[in-house]
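Understanding the architecture of this molecule
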Amino acid sequence: MGKKVLMKGNEAVAEAAILAGCRHYFAYPITPQSELIEYMAKKMPLVDGTFLQAESEVAAINMVLGAAACGVRVMTSSSSPGISLKQEGISYIAASRLPAVIVNVTRGGPGLGNIAPMQCDYFQATRGGGHGDYYTPVLSPSTVQEFADMAPLAFEIAEKYLTPVMILGDGMLGQMMEPVEFPDSYAPQKDPSEWALGARRTPDDRHIINSLYIDPYVLQEKTETLFEVYEEIKKNEIRFETYNMDADAKYLIVAHGTAARVAKSAVDALKEEGVELALIRPITLWPYPYDAVAEAAKGKEKVITIELSMGQMVEDVKLAVCGECPVEFIGKAGGVVFTPEEIVSLIREKIS
Amino acid sequence: MTVFKGRTKGLTDAKLSYCPGCLHGVAHRLIGESMEELGIIEKTIGIAPVGCSVFAYNFFACDVIQVPHGRAPAVATGMHRARPDRIVFTYQGDGDLAAIGTAETIHAANRSENITIFFVNNATYGMTGGQMAPTTLPGMKATTAPYGRDVSDTGYPMRLCEILSQLEMTNYIERVSLLSPKDILKAKKAVKKALQYNIDGKGLSFVEMISTCPTNWGMDPLKAREWAKENMLPVFPLGVFKDRAAEEAKEKEAE
């Protein structure tokens, strides 16, 4: 590993993307991801990369579409309302089978909401988000280190399956500083010359990138092919972390990202009082670790989902648990993060 | 029958999907011929819009991508930044370029991205069935302006050449027409020049082509051309609005 540095999450993910070979970045400023775009503005010219502040999020994601179609490692970043604007482009990138990385440092909503950390865009991130039948792999980091590690991982997944990949952080992870280490080397980019535009190998090797299929049977076939890819992603890319799982716990906590950090400290605090809680943290929100959550919930009296929203992931938890035991929800809107004491008392209420 | 000129290598053998009398075929041919004559077919990436010409990816013999409605200049920006050694052009209609894609058009032009924009203006929304476009003439009927376009309500037709030529760094802006053989020869020169400028790295070139939509206008092709000459050209005057590279060359010569 390289040297350890103290960095904001927004800066760490930007640095990791550059180290991973990303040389094209297009975005539009929005809080709380501003440090990311500013970091790219400063660093990209130093590595002969492209930084361009687009006229809008809509333009930025379409610049990503253009660069991705030419087979380069390309990234954009934004926050909730900006991601809503990017959804048209993300749908086209997914349909066109192009690799791209989108960092979403989420904030409070709906509407303009606020700039405080929330997890209320879970539905938008994990259910395609734009129009049409498609999914985007979604990675949810819980530390600044993980935020950074997910940049190269996102590029690898994007290139392996030819899909846009979203890293779903939140305002807390974007703004907080933690020590982070960058590896000395990263996996190289997969050769795009078979499909990329401007990469003709012979005069007849004309490449077309398209998402229009007027014939309904052809569109059906194309969509089915897309879903075969999604099955492969589900088989190979599900990631999660368990905590205190071996313990003789009657209750299971499910949380992701920043909420999982708070939940972990609650697990530790309650352990001292003699209450054993197991915790599972989905790292991929799509594909969702349904089997792992179901397995972890086995024999439990209750499953408690904790989110910084009014309850979105809890629907996936319920799908996983499938009525085997009650699923309770602890949530919070507005962008106020639970204090450890608060979460402990809310969990106590649910298990008493 | 005497064949004066065969098919251009710049177009594929695919049969054009346009209505009889539509001038997209002529516009395609001019771009195809220019790519062939400049020897850049294999180096060029075309961008197909949303609208009647969405199927352009079947027709141009270069690499082509089909993109969201109005976003072609942004996609072209990403492409040109990723592959500055390639020639990138967009092919857009008036709804695509002057309505839903106004922001992308103006900002790509303001940055003077080294791309070429071909803009086909037929004063209507063709594919969706003849609705009002930003370029629809005052008083002209459309399915969404059934009583004729009322400028006091919907504004005056937008003149993109005039707007874009105000931007400091745009390189070449010309409006041509496809309404007569003589006009078509002139249009060919403009198309080729625009692509040449991009080979030379001169920045954004923009060629507007005044065209027709016989189907949605409800006229036969010849009548449509006559109608366009009489009614469109006074609103959309032809000519070179800007030729920065040529002006700079002239200034240099004078020195």
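See above for the structure.
Residues numbered from 1 in each chain as written. Chains lettered and ligands numbered in written order. Predicted model: local features only at pLDDT ≥ 70, side-chain atom pairs only at ≥ 80, totals over all residues. Heavy atoms only, no water.

1. Section: the pattern of salt bridges
Applying the stated criterion to the full structure yields 36 salt bridges over all chains. Between A:E241 and A:R281 there is a salt bridge whose closest N-O contact spans 2.7 Å. In this pair, A:E241 sits in strand β10 (residues 240-243) while A:R281 sits in strand β12 (residues 277-282), placing the two residues 40 residues apart along the sequence. On the basis of relative accessible area, A:E241 is assigned to the partly exposed category, the value being 23%. B:R71 is the partner of B:E104 in a salt bridge, and the nearest nitrogen-oxygen pair spans 3.2 Å. Of this pair, B:E104 sits in helix α5 (residues 102-111) while B:R71 sits in the loop between β2 (63-66) and α3 (72-82), and the two are 33 residues apart along the sequence. There is no split in this pair, since B:E104 and B:R71 are both buried. Overlapping salt bridges, with partners in common, bring together B:R29, B:E33, B:E37, B:K188 and B:K192 in one network. (Salt bridge = Lys/Arg side-chain N within 4 Å of Asp/Glu carboxyl O. Helix = DSSP H or I, 4+ residues; strand = E, 2+ residues; numbered from the N terminus. Buried < 20%, exposed > 50% of the residue type's maximum accessible area, 1.4 Å probe, protein only.)

2. Concerning empty space enclosed by the protein
Residue and element names in this part refer to chain A. Evaluated as defined, the whole model comprises three cavities of 30 Å³ or more. In this structure, the largest cavity occupies an estimated 60 Å³ of space. As for the largest cavity, its lining consists of T106, M118, Q119, S140, P141, L168, G169, D170, L173, H256 and G257. Looking at the lining of the largest cavity, the element that brings in the most residues is strand β7 (residues 164-170), giving three residues. Of the residues in the lining of the largest cavity, the class split is four nonpolar, six polar and one charged. Volume-wise, the second largest cavity comes out at about 50 Å³. Lining the second largest cavity are 13 residues, and of these V72, R73, P99, E159 and Q189 sit closest to its centre. Broken down by secondary-structure element, the contributors of at least two residues to the lining of the second largest cavity are β5 (100-106) and α6 (144-161). The element that contributes the greatest number of residues to the lining of the second largest cavity is α6, accounting for three residues. The class makeup of the residues in the lining of the second largest cavity is nine nonpolar, two polar and two charged. (1 Å grid on protein atoms, 1.4 Å probe; cavity = no way out; pocket = protein on both sides within 12 Å on 5 of 7 lines; lining within 4 Å. Points joined across faces, edges and corners; volume = space filled by probe spheres on them. Nonpolar A, V, L, I, M, F, W, Y, C, P; charged D, E, K, R; others polar.)

None of this, on its own, says anything about what the molecule does.
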